[in-house]
Amino acid sequence: MTDPSSVAATRGLEHPMVEARNVHKAYGRLEVLKGIDMQVHRGEVLCLIGPSGSGKSTFLRCINHLEKIDGGQLSVDGELVGYRQQGNRLYELKDKEVCRKRAEIGMVFQRFNLFPHMSVLDNITSGPMWVKKASGGPSRDRAHQLLERVGLIDKVDAYPNQLSGGQQQRVAIARALAMDPKLMLFDEPTSALDPELVGDVLDVMRSLAHDGMTMIVVTHEIGFAREVGDTVVFMDGGVVVEQGDPVQVLTDPRHERTQAFLAKVL
Amino acid sequence: MTDPPGHPGPPESVGAGAPGDPSTMTIVPVRHPWRWVVSLIILVLVAMLINTLLFSHVERGGIREGRFQWAVVGHYLFDAPVLRGIVVTLELTVIAMVAGVLIGIILAVMRLSPNRLLSGSAWLYIWFFRGTPVLVQLTFWYVGISYLYTHLTLGVPFGPALITLNSTTLITSFVAGALGLSLNEGAYMSEIVRAGIISVDEGQTEAAASLGMPKGLTLRRIVLPQAMRIIIPPTGNETISMLKTTSLVSVISGVDLFQATQSISSTNYQVVPLLMVASLWYLFFTSVLTIGQFYVERYYARGASRALPPTPFQRLRQSLRHQRVAPVRPIAEIPWVAPHD
């Protein structure tokens, strides 16, 4: 660090992309998140693993405010999720402001959730055109580029149910990318796929990671987590049990529960 | 024949019809004798129906005439009062259905709202309008309103009035009919729309939300278009039902198709032929609506079924081309069943 100006420049971006401090979430009496602390930095790929019911997906959904947290602090890019801080008060954000923040975060779901009544092209341009009010021509050009990138340029006019699961998921990724998100959330993106279709989806995610996209991936693909992840977080029972370097966590876990889980899935 | 037992010989060695080779045998289809009996009975009944409708005669007051007096039916089918009645019937149907669908969407969204006041008031509306006969409601709007309120005013609640109107001039039988039918239809449509909305997977709303779409946009462009598949068939039903329910306006002195034919027959006593006139028109418009429903359903099936069902015209053209129904293609031939990834 010899150039002081570059240090100052990185200082300005010093706050992590996602920062969770003691995040709590409960459905009625059922406590799903019991104090999560986590940091995700710009360009980092964080893989969340853990048994089902451990709160991974819930935590992911809190990040773009699909779920509201009950306690603690959660911020994306330095700004609180769902609230605006002013002096000593937290003001709940209006629907419109929540939407604006969500538009900056891409999300990919386990069940794809493409819009079945719209063609692949319309699925991808819906966000830019309806939310960002971008004009049709550039949005369609961008959609073509993205389809090229996920290897589905020939499916531009197809409807989602004419595609296989793996193709649908790649369109779903393209749809999320069309919004130029600064953060991508993946909620078990390959869990609903036939084994032979998983590879193509992981390839697309791998190339995204190489391009420097900040990603949080809830996954059961231990191999992917080891290869692509910068950090692996193991969650169980609503708490973070262990986190760190993928190779260390996945091959030499310190905690018993991590060991037991990995013994089952590997 | 030196082949060892169990080893198949060359195909030529097996003669046609020889035991053991089913591919060369004649297939005898299953016989269905009862189908023939039932078909025969139906044929006889149809012949009787055609005969009594078209060819049978009867003596009335010393004059021998066709039983159904089709000549009289034909005379009044395009009679001016009948045509005016048709216009009223169609106007009421369109107004009541359009308003009913709009009220229905608003009520359905209100009922699904987490706000208890909104969902409660929608519930109360539906409870009231489904709970009273539409005939009672029509009479109420026509008679009751002008009895309860001689003047209707538009203005600040509990404050000054801006516009004041005389109820009896405002609430004509047409206005009362349109009002009553619309409000009543809204209650039924709201349940249909609600069923459609809750049939759409929650993942759709979540995906829309994750793209930053606000709720109203999500409802309009994501949820409702998909809900349409559930909403259309019962709405078609409601429209056909409404076409005929409009005849109730005759009790509040509205002159619709039915009332028009009734007033003709009350002067010329040709009751049955004029009932036929009304029925033929109702049947005609129901048929038009049924055809319309088919195409609307087909439109909203995009993305829901992999191949759209052929229209009757397409089916006719296809059958003319092939003389008979094309054989079912093996699944592997159809590209979308086995998509390559």
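What counts, and at which threshold
- Residues numbered from 1 in each chain as written.
- Chains lettered and ligands numbered in written order.
- Predicted model: local features only at pLDDT ≥ 70, side-chain atom pairs only at ≥ 80, totals over all residues.
- Heavy atoms only, no water.
- Helix = DSSP H or I, 4+ residues; strand = E, 2+ residues; numbered from the N terminus.
- Rg over C-alpha atoms; globule rule 2.2 N^0.38 Å.
- Buried < 20%, exposed > 50% of the residue type's maximum accessible area, 1.4 Å probe, protein only.
- Contact = heavy atoms within 4.5 Å.
- Areas by Shrake-Rupley, 256 points an atom, 1.4 Å probe, with all protein chains shown as cover.
- Core = buried A, V, L, I, M, F, W, Y, C linked by side-chain atoms within 4.5 Å.
- Axes fitted to C-alpha atoms, helices over the stretch in contact; angles between N-to-C directions.
- Parallel < 35°, antiparallel > 145°, perpendicular 65-115°, else oblique.
- Left-handed = near helix turned anticlockwise from the far one by under 90°.
- Buried area = accessible area lost by both parts, 1.4 Å probe.
- Salt bridge = Lys/Arg side-chain N within 4 Å of Asp/Glu carboxyl O.
- Polar contact = N/O pair within 3.5 Å; in protein donor to acceptor, adjacent residues only side chain to side chain.
- Nonpolar A, V, L, I, M, F, W, Y, C, P; charged D, E, K, R; others polar.
- Pairing = 2+ DSSP bridges.

**Q** Would you explain the overall build of chain A in this entry?
**A** In terms of regular secondary structure, chain A is built from 10 helices and 12 strands. Taken over the C-alpha trace, chain A has a radius of gyration of 19 Å; the compact-globule value for 266 residues is 18 Å, and the two agree within 12%. By principal-axis analysis of the C-alpha atoms, chain A measures approximately 55 × 50 × 50 Å. Each of the 266 residues in chain A was classed as buried or not, and the buried ones make up 54%. Counting only contacts in chain A whose residues sit at least 6 apart along the sequence, the fraction spanning at least 24 positions is 63%. For chain A, the exposed surface amounts to about 12100 Å²; the carbon and sulfur share of it is 47%.

**Q** Explain the nonpolar core to me, please; I cannot follow it from the model alone.
**A** When a protein is soluble and globular, its nonpolar side chains tend to lie buried together. Counting 48 residues, the largest nonpolar core has Ile 124, Ile 173, Met 184, Phe 186, Met 205 and Met 215 of chain A as the members making the most contacts within it. No other element matches helix α7 (residues 195–210) of chain A, which puts 7 residues into this core.

**Q** Teacher, can you tell me more about the packing of helix α3 (residues 80–111) of chain B against helix α7 (residues 173–199) of chain B here?
**A** When two helices pack together, their arrangement is given by the angle between the helix axes and the distance between those axes. Residues and elements named next belong to chain B. One can describe the packing of α3 onto α7 by two numbers: an axis separation of 5 Å at closest approach and a directional angle of 45°. Regarding the angle of α3 to α7, the classification is oblique. In the packing of α3 onto α7, the handedness of the crossing is right-handed.

**Q** I keep staring at the interface of chain B and chain A and nothing clicks. Help me out?
**A** As a measure of interface size, the accessible area lost when the parts come together is often cited. Contact residues are listed per partner, giving 26 residues for chain B and 33 residues for chain A. Approximately 2600 Å² of surface area, both sides summed, lies buried where chain B meets chain A, with 55% of it carried by carbon and sulfur atoms. Along the contact surface separating chain B from chain A lie 1 salt bridge. Viewed at the interface, chain A and chain B are joined by 4 residue pairs in polar contact (both at pLDDT 80 or more). Within the residue set of the side of chain B that touches chain A, elements represented by two or more residues are α8 (202–210) and α9 (215–245) of chain B. Considering every element that reaches the side of chain B that touches chain A, the biggest residue donor is α8 of chain B, with 7 residues. Split by residue class, the side of chain B that touches chain A holds 11 nonpolar, 8 polar and 7 charged.

**Q** Would you mind showing me how to read the sheet that holds strand β10 (residues 215–218) of chain A here?
**A** For sheets, the rule is that strands pair by backbone hydrogen bonds, running either parallel or antiparallel. Residues and elements named next belong to chain A. Spatially, the 6 strands line up as an open sheet ordered β8-β9-β10-β3-β11-β12, and their pairing is mixed. Each edge of the open sheet is held by one strand with a lone partner, namely β8 (105–108) and β12 (239–244). Across this sheet, the average inter-strand angle for adjacent strands is 15°, counted without regard to direction. Here 4 bridges tie strand β9 (residues 183–187) to β10, and the two strands are oriented parallel to one another. Paired with Met 184 across the two strands is Met 215, which belongs to β10.

**Q** Just to check I follow, could you spell out the side chain of Glu 19 of chain A for this structure?
**A** All names here are of chain A. Among the secondary structure elements, Glu 19 is positioned in strand β1 (residues 18–27). According to the relative accessible area criterion, Glu 19 is buried, its value standing at 18%. A polar contact of 2.9 Å, which involves the side chain of Glu 19, links it to the side chain of Gln 39. With near-sequence residues (within four places) excluded, Glu 19 lies in contact with Met 38, Gln 39, Gln 73, Leu 74 and Ser 75.

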